[in-house]
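A closer look at the structure
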Amino acid sequence: MTTRVAIVGAAESDLGVTDKSILTLQSQAVTRALADAGLTLADVDGIATTGVSRFSATQLADYFAIQPTWTDSTFAGGSAYEMMVARAAQAIDAGQATTIVISFASNQRSARSRKLGGVHEPHIPEAQFEEPYDMLFPASYYAMAMQQYLHRFGGTHEQLAEIAVAAREWALLNPKAFRYGKGSITAADVTGSTMLSSPLTVGDCCLVTDGGGAVVLTSLERARDLPRKPVEVLGYGERTTNTSFTAVDDLTAPGAIGSGRDAFARAGITPADVDVLEVYDSFTITAALSVEALGFCGRGEVLDFIADGTIRPGGALPLNTNGGGLSYCHPGQYGVLLLVEAVRQLRGEAGDRQVAGARTAVAHGTGGILSTHATVVLGVDR
């Protein structure tokens, strides 16, 4: 298939500790992405965003003083923005909109709004089986997935720590990364850091930062008349699997298996054709499960697969080339920044971290507690 839709602009807001409001960061991301595309707010007739308020797209449209013909406020956690790419491509193809901005921003570090706690809605049925155990949300849930994977397939925490070690190596090549200039880390640094929820340590966990990003989509035909190299949306897929872990039979088989299969089939490629992989890394286990589920290695093989520098700079599978949520930026919902980095790699604009000859990239988001999964395949305009 071809979507006949392309990403023509991509940008971040200020990152790290900003002391700016959410809408200010949103505005930065959107206007920078539009400028990158050679467009303005007057061109925008579609908005996709979530997280600002219960009426996210409404609030953003009001803030920008525009009246979009199409909006999307899908709330699915970190995977929402990959889902929104599919919705936007369909809307543009159907003629509902011509220029759609997908964006997100958060000031969670400055506002100190991020808290680890129990299940947020104890009145819902599944929470009744979890709240009494004082689970840390979401850390304890991902700790269970990590524990089950290591128990079922063998391997060690030290092997899994390679996800964080590699992310830091990429971050050292990215001046915008929160951990830029902080030096390399070792597996021992990860496993020896403060225990959070056994076997998960602080070193396995993503950052807590301010920040956000935006991408701009339009028709491929129109994109070819704009100043930047178009990045074509080749395929997409999604799965929604669970609210809690109570009903999950196998924590080591996430919905990424299905979302990836659909995305690759629509794009007409296989994982072997992918030059750059950007996956959600809220925790080291999140990224590891995604790499395996998307088909880059066999079942139970990811810890061996990522060994020996495979996912580090210069490795066979460049993974999270901006430093990821573990070392670059994580503003609470990271999915839109996966798209921003994938676009930059395919345009050849990633500076010292550029993957030579990159023509195909995958951005894969995970939301909730391994609850939602969305995969997007992007390619240089063919």
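In every chain, residue numbers begin from 1 and rise along the written sequence. The predicted origin of the model limits local features to residues at a pLDDT of at least 70 and limits the giving and counting of side-chain atom pairs to 80 or more, whereas totals for whole chains, interfaces and linings rest on all residues. For side-chain calculations, the full set of non-hydrogen atoms in the structure is used, while hydrogens and water are omitted.

By the naming in an unreviewed UniProt entry, the protein chain is Acetyl-CoA acetyltransferase, taken from Aeromicrobium wangtongii.

Structural elements are reduced to axes, namely lines fitted to C-alpha atoms, with helices fitted over the stretch in contact, and the angle between N-to-C directions of any two is expressed from 0 to 180 degrees. Numbering goes from the N terminus for both helices and strands, where a helix is a DSSP run of H or I of at least four residues and a strand is a run of E of at least two. Where helix α3 (residues 80-94) contacts helix α14 (residues 335-347), the two axes come as close as 6 Å, and the packing angle between them is 65°. Here Y81, E82 and V85 of α3 lie close against α14, whose contacting residues are G335, V336, L338 and L339. Residue composition of the contact of α3 with α14, grouped by class: 5 nonpolar, 1 polar and 1 charged. Throughout, a residue-residue contact means that at least one pair of heavy atoms, one from each residue, lies within 4.5 Å. Put simply, Ala, Val, Leu, Ile, Met, Phe, Trp, Tyr, Cys and Pro go in the nonpolar bin, Asp, Glu, Lys and Arg in the charged bin, and everything else, Gly too, in the polar bin.

Here we take up α14. With 13 residues, α14 should cover 18 Å at 1.5 Å per step; its first-to-last C-alpha distance of 19 Å lies within 8% of that length. Extensive coverage of α14 is indicated by the burial of 13 of its 13 residues. One or two residues past the end of α14 sits G348, with phi positive at roughly 75°. For a helix, the expected span equals 1.5 Å multiplied by the residue count minus one. A simple rule labels every residue: compare its accessible area, found with a 1.4 Å probe on the protein chains alone, to the largest value its type can have, and call it buried under 20%, exposed over 50%, or partly exposed in between.

What follows concerns the pattern of salt bridges. By convention in these notes, a salt bridge is any Lys or Arg side-chain nitrogen within 4 Å of a carboxyl oxygen on Asp or Glu. All told, the structure shown has 16 salt bridges when counted by the stated rule. Among the salt bridges present, the one from E162 reaches R312, with a minimum N-O distance of 2.7 Å. Here E162, found in helix α7 (residues 162-171), pairs with R312, found in the loop between α12 (302-305) and α13 (324-327); they are 150 residues apart in sequence, far enough to count as distant. Here D262 and R239 are joined by a salt bridge, their closest N and O atoms 2.7 Å apart.

Our next topic: the packing of helix α1 (residues 22-37) against helix α2 (residues 56-64). Packed helices, taken two at a time, are described by the angle their axes make and the gap between the axes. Where α1 contacts α2, the two axes come as close as 11 Å, and the packing angle between them is 75°. By the angle between their axes, α1 is roughly perpendicular relative to α2. The residues of α2 that touch α1, namely those facing L23, T24, Q26, S27 and V30, are Q59, L60, Y63 and F64. Among the residues making up the contact of α1 with α2, the classes are represented as 5 nonpolar, 4 polar and no charged. For classification purposes, an angle smaller than 35 degrees is called roughly parallel, one larger than 145 roughly antiparallel, one from 65 to 115 roughly perpendicular, and anything else oblique.

On to the pairing of strand β4 (residues 99-106). In terms of burial, β4 is largely enclosed, as 8 of its 8 residues are buried. Here β4 shows no split at all, with T99, V101, S103 and A105 on one side and I100, I102, F104 and S106 on the other all buried. Two strands pair if DSSP finds at least two bridges between them. Note that strand β2 (residues 46-49) and β4 share 4 bridges and pair parallel. Its bridge partner lying in β4, A48 is registered against I102. Inspection of the sheet shows β4 paired to strand β7 (residues 211-219) by 8 bridges, in the antiparallel sense.

Our next topic: the nonpolar core. Counting residues in hydrophobic clusters, the biggest one holds 52 residues, and the most contacted among them are I163, L277, I285, F296, V302 and V377. Of all the secondary-structure elements, those providing two or more residues to this core are α5 (139-153), α7, α10 (256-267), β9 (276-279), α11 (284-293) and α12. Of all the elements, α5 adds the most residues to this core, at 8 residues. Setting aside residues up to four positions removed in sequence, F296 forms contacts with F264, P271, V274, L277, V291, F305 and L317. Among buried residues, those of type Ala, Val, Leu, Ile, Met, Phe, Trp, Tyr and Cys that are joined through side-chain atoms within 4.5 Å constitute a nonpolar core. Counting residues in hydrophobic clusters, the runner-up holds 49 residues, among them A80, Y236, L338 and L339.

Another point: the UniProt feature "domain: Thiolase C-terminal" (unreviewed entry) in the protein chain. UniProt positions are given in the numbering used here, feature names are shortened, and annotations may be inferred rather than shown by experiment. Under the local residue numbering, the UniProt record ascribes the feature "domain: Thiolase C-terminal" (unreviewed entry) to residues 237-379. End C-alpha to end C-alpha, residues 237-379 measures 16 Å, and it is 30% helix and 17% strand.

Only Phe, Tyr and Trp rings take part, Trp by its six-membered ring, and two of them pair if their centres are within 6.5 Å. Stacked means planes under 30 degrees apart, edge-to-face means over 60, and tilted covers everything else. Inspection of the entire model under this criterion finds 9 aromatic pairs. Site record: aromatic cluster; members linked through ring pairs are F137, Y141 and F245.

With that out of the way, let us pick up the side chain of T366. Locating T366 in the fold gives a position in strand β10 (residues 360-367). Setting aside residues up to four positions removed in sequence, T366 forms contacts with G78, S79, Y142, Y280, T286, S290, T372 and H373.

Along the polypeptide, Q28 turns up in helix α1. Looking at Q28, the relative accessible area reads 12%, which means it is buried. The residues touching Q28, leaving out its near neighbours within four places in the chain, are S13, D14 and K20.

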